[in-house]
Structures are given as structure tokens and as C-alpha cells.
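Structural characterization, general
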Amino acid sequence: MFFHHIPDAKAIGAHRGVRSLAPENTLPAIEKALHCGAHFLEIDVRLTADGHLVVFHDDTPARTTNIAASPLAARATHHVDTFTLTELQSLDAGSWFAATDPHGTIRSGEIPPEAVDAFAGTVIPTLRQVLDFCRDHAFPINVEIKDHAGRTGDSAITAAVLELVADTETRDLALLSSFNHRYLTQAAVFDPDIPRAALIETAHPGNILDYLMFLDVAACHPDHHITPPDLARALLDDGLRVNLWTINDPDVARAYPPGAGIITDLPQRFVSPRG
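Residues numbered from 1 in each chain as written. Predicted model: local features only at pLDDT ≥ 70, side-chain atom pairs only at ≥ 80, totals over all residues. Heavy atoms only, no water.

1. What to know about the overall build of the protein
Put simply, the rule is: The way it works is that DSSP assigns letters per residue, a run of H or I at least four long becomes a helix, a run of E at least two long becomes a strand, and they are numbered from the N terminus. Three labels apply to residues, based on accessible area from a 1.4 Å probe with only protein chains included: buried if under 20% of the type maximum, exposed if over 50%, partly exposed otherwise in between. Should any heavy atoms of two residues lie within 4.5 Å, those residues are counted as being in contact. The Shrake-Rupley method, run with a 1.4 Å probe, gives the accessible areas here. Residue values count only the displayed protein chains as cover. Under the counting rule used here, the positive set is Lys and Arg, the negative set is Asp and Glu, and His together with the chain ends is not counted. In plain terms, the charge of a residue is placed at NZ if it is Lys, CZ if Arg, CG if Asp and CD if Glu.
Looking only at helices and strands, one finds ten helices and nine strands in the protein. Across its three principal axes, the protein shows a C-alpha extent of roughly 50 × 45 × 35 Å. Relative to its 275 residues, the protein shows a buried fraction of 54%. For the protein, long-range pairs separated by at least 24 residues make up 63% of all intrachain contacts whose partners lie at least 6 apart in sequence. Taken as a whole, the protein presents about 11500 Å² of accessible surface, with 54% of it coming from carbon and sulfur. Averaging the positions of the 20 positive and the 36 negative side-chain charges in the protein gives two centres separated by 2 Å.

What follows is the structure in C-alpha cells.
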């Protein structure tokens, strides 16, 4: 299972791949996650209009593709799930990175110019491509199922993810997470033993441990801003795994107990490259 492949102490997860060194949720960012020494990969998954699973974070393609300059420009603010796979993969998901330098890593010289130039034309990957990569490299992967509530894919996405995990023989490497906790309970019905993690972004009004036990999840993935070190320690003491997001400062990470994992945009600052 996923947790057998990562260290018990301070596991480092690459948020959307190494999104500080390559365009997020693309194969270049995912390859960098492996080679920089991250202990696991974190990516986001959405369902297309024609039923394919793509690795993409935002609701719309506007921020991380060239859609505004493409033949699909009139649909730039439309939801990703209104596009077919062919339409999405016709977009350039890499050039925006050089234009915006989102983490200042181009300006700092951390990324060489030739590497930046190579991002142009990068394609939005399918989940199958990413899972195949993880299987081939025995790389653990946290698949975040994006919330499709109220949309066409809502009833289909959890089963589709689980089917693809089984088909690509990556079940032993996969952890499912979501802000939509209904997807986690659905996943438990389809596959009771696959590890699941509840993403948490607001302070829970009641007893968070009781709630997590009710969900029957293996892990809690909370925003670190609402999770003081004492709470992380309490969750760990009660047998849950904890992976905090998104921590980019190693000094902040050091305040948390050793068993707490860190999901970061900058895994290269937390770990050593693989040999």
C-alpha cells in the first residue's frame, strides 16, 4: 500500500509535481518530482466531456494554458469538463510558465534557459500516462479527485479513477484524496482497502478526530494554516497519517512532529536528488 512506500518520518510530497521547476501537473513536473528525491507525487484529476481522466488543477483552462490565444478562446472561462480530451490536448500547457515565472525560479537561474524553452507546447497529461509513469518507476502517487459536485461527472469520477488505478496496476502505489468527502466514502464501497485521505481547508466545527474516524480514512491532509503542530501530533497519536499542505519553508516544516508529512511546491529544498 501507499504508506509502505514512503518514510514514516517527514515524507515529502511534490505538489502538482515540482511546480516550481516545471509547469504544474505536467509530465515534466512529474519527472522532476521523481528525480529531485520527493517521496511521493501529488496530482489533481478531472473528468473530460468525453469521459477521460486528465491531470489538471483549475476549474478552467485559463490560467495554465494558452487557450486565450487559441481557436478555443471563446471558451477560456468554461469548465474543464466541457472540453473533450482532444480539445484539451490541443492547448499549450507549458508556455505560461516562462511568461509568469510563478515561483521566481527562472529569474533566480534555478532553471536553465534551455529547460524553460522546452516547456513550450507541453500537453495536459491523462491520468493513465501519469499512473504508467508511477508504475514504471515505483513512485507513490496521491491522486486528488477534484470536486465535480453538481456537474456531469460527479457520479462517475470516483469509479473511473479506481478502475484506471486497477487497470494500470498502481493500486499498491496510490492514495486517493479529495475535498469532497463523499468521494472517499464512495471509494470505500468500491475498494474498502485502498487508502484514502480527507483534504481539510477549514477548521472543523466539532471533534476533527471523531469526524475522520467516521469517514474511515487512513490520513488527514489539512491546510497547515489551520493545523498547529499540537493538533498534527494528536492526529498522529491516534493512528492517522498526516500530510500538511502547502509548506514551502523548511523552517515551518521543522515545527511539526517527525511523523507529519509535508506537501510542497519546492521539494528540491527538502530532499536530496536521487542518485
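2. Comments concerning the pattern of salt bridges
A side chain with one charge may pair with a side chain of the opposite charge, provided their charged atoms come close. Stated formally: Any carboxyl oxygen of Asp or Glu that lies within 4 Å of a side-chain nitrogen of Lys or Arg is treated as forming a salt bridge with it.
Taken as a whole, this structure holds 22 salt bridges when the rule is applied. The shortest N-O distance in the salt bridge between E24 and R63 comes to 2.8 Å. With E24 in the loop between β1 (12-15) and α1 (27-36) and R63 in the loop between β3 (53-55) and α2 (85-89), this pair connects stretches of sequence that are 39 residues apart. The partly exposed category is assigned to R63, whose relative accessible area is 36%. Between R135 and D136 there is a salt bridge; the shortest N-O distance is 3.2 Å. For D136, a relative accessible area of 55% translates into the label exposed. Among the charged side chains, a network of salt bridges with common partners joins R16, R19, E24, D44, D58, R63, E144, K146 and D265.

3. Some remarks on the side chain of R16
The cut-off we apply is this: Contacts described as polar in this section are N or O atom pairs within 3.5 Å, which, within protein, must combine one atom able to donate a hydrogen with one able to accept it, while residues neighboring in sequence count only if both atoms come from side chains.
Mapped onto the elements, R16 comes out in the loop between β1 and α1. Note on R16: relative accessible area 9%, which makes it buried. In this structure the side chain of R16 is engaged in a polar contact, spanning 3.0 Å, whose partner is the side chain of H57. Among residues more than four places away in sequence, those in contact with R16 are E24, N25, A29, E42, D44, H57 and R63.

4. Some thoughts on the nonpolar core
We count it as follows: The nonpolar core is taken to be a set of buried Ala, Val, Leu, Ile, Met, Phe, Trp, Tyr and Cys residues, with the residues joined through side-chain atoms within 4.5 Å.
Among the nonpolar cores identified, the biggest contains 62 residues, and L41, I43, L127, I141 and V161 are the most heavily contacted of them. By size, the runner-up hydrophobic cluster in this structure holds twelve residues, among which are L72, A76, L88 and L91.

5. Structural notes on the packing of helix α5 (residues 127-137) against helix α6 (residues 157-167)
Heads up, the rule is: Axis angles are defined between N-to-C directions and span 0 to 180 degrees, where every axis is a line fitted to C-alpha atoms and, for a helix, only to the segment in contact. The crossing is said to be left-handed when, going from far helix to near helix, the turn is anticlockwise and less than a right angle, and right-handed when the turn is clockwise.
Where α5 contacts α6, the axes come no closer than 10 Å and their chain directions differ by 40°. In this structure, α5 meets α6 at a crossing whose hand is right-handed. For the pair α5 and α6, the contacting residues are L127, R128 and L131 in the first and V161, L164, V165 and D167 in the second.

6. Thoughts on α6
Keep this limit in mind: Summarising the geometry, the arc corresponds to the directions from the helix axis toward the C-beta atoms.
Here α6 has its buried residues at I157, T158, V161, L162, L164 and V165. Mapping the buried residues of α6 onto a view down its axis gives an arc of 165°, with all of them on the same face. The exposed residues of α6 that point more than 90 degrees off its buried face are E163 and A166. The elements touched by buried residues of α6 are β2 (40-47), β3, α5, β4 (141-145), β5 (174-178) and α7 (181-190).

7. Examining the pairing of strand β6 (residues 196-200)
The two faces of the sheet receive side chains in turn, since in a regular strand these alternate between them. Test applied: One bridge is not enough; two strands pair if DSSP finds at least two bridges between them. Convention used here: a crossover is right-handed provided that the path from the first strand, over the helix, to the second strand proceeds clockwise when the strands point away from the viewer.
Across the five residues that make up β6, a large majority, five, are buried. Where β5 lies against β6, three bridges are found, and the strand directions are parallel. Looking at the pairing, L176 lines up with R196 of β6. Crossover β5 to β6 through α7 is right-handed. Across four bridges, the pairing between β6 and strand β7 (residues 219-222) is parallel. If you follow L199 over to β7, its bridge partner there is H221.

8. Focus on the pairing of strand β9 (residues 261-264)
Here β9 shows a buried face lined by G261 and I263 and a second buried face lined by I262 and T264. As defined by bridge partners, β1 adjoins β9 across three bridges and the pair is classed as parallel. Bridge assignment links I12 to a residue of β9, and that residue is I262. Pairing of strand β8 (residues 241-244) with β9, which is carried by two bridges, proceeds in the parallel orientation. Bridged to N243 within β9 is G261.

Everything listed is a geometric property; what it means functionally is a separate question.
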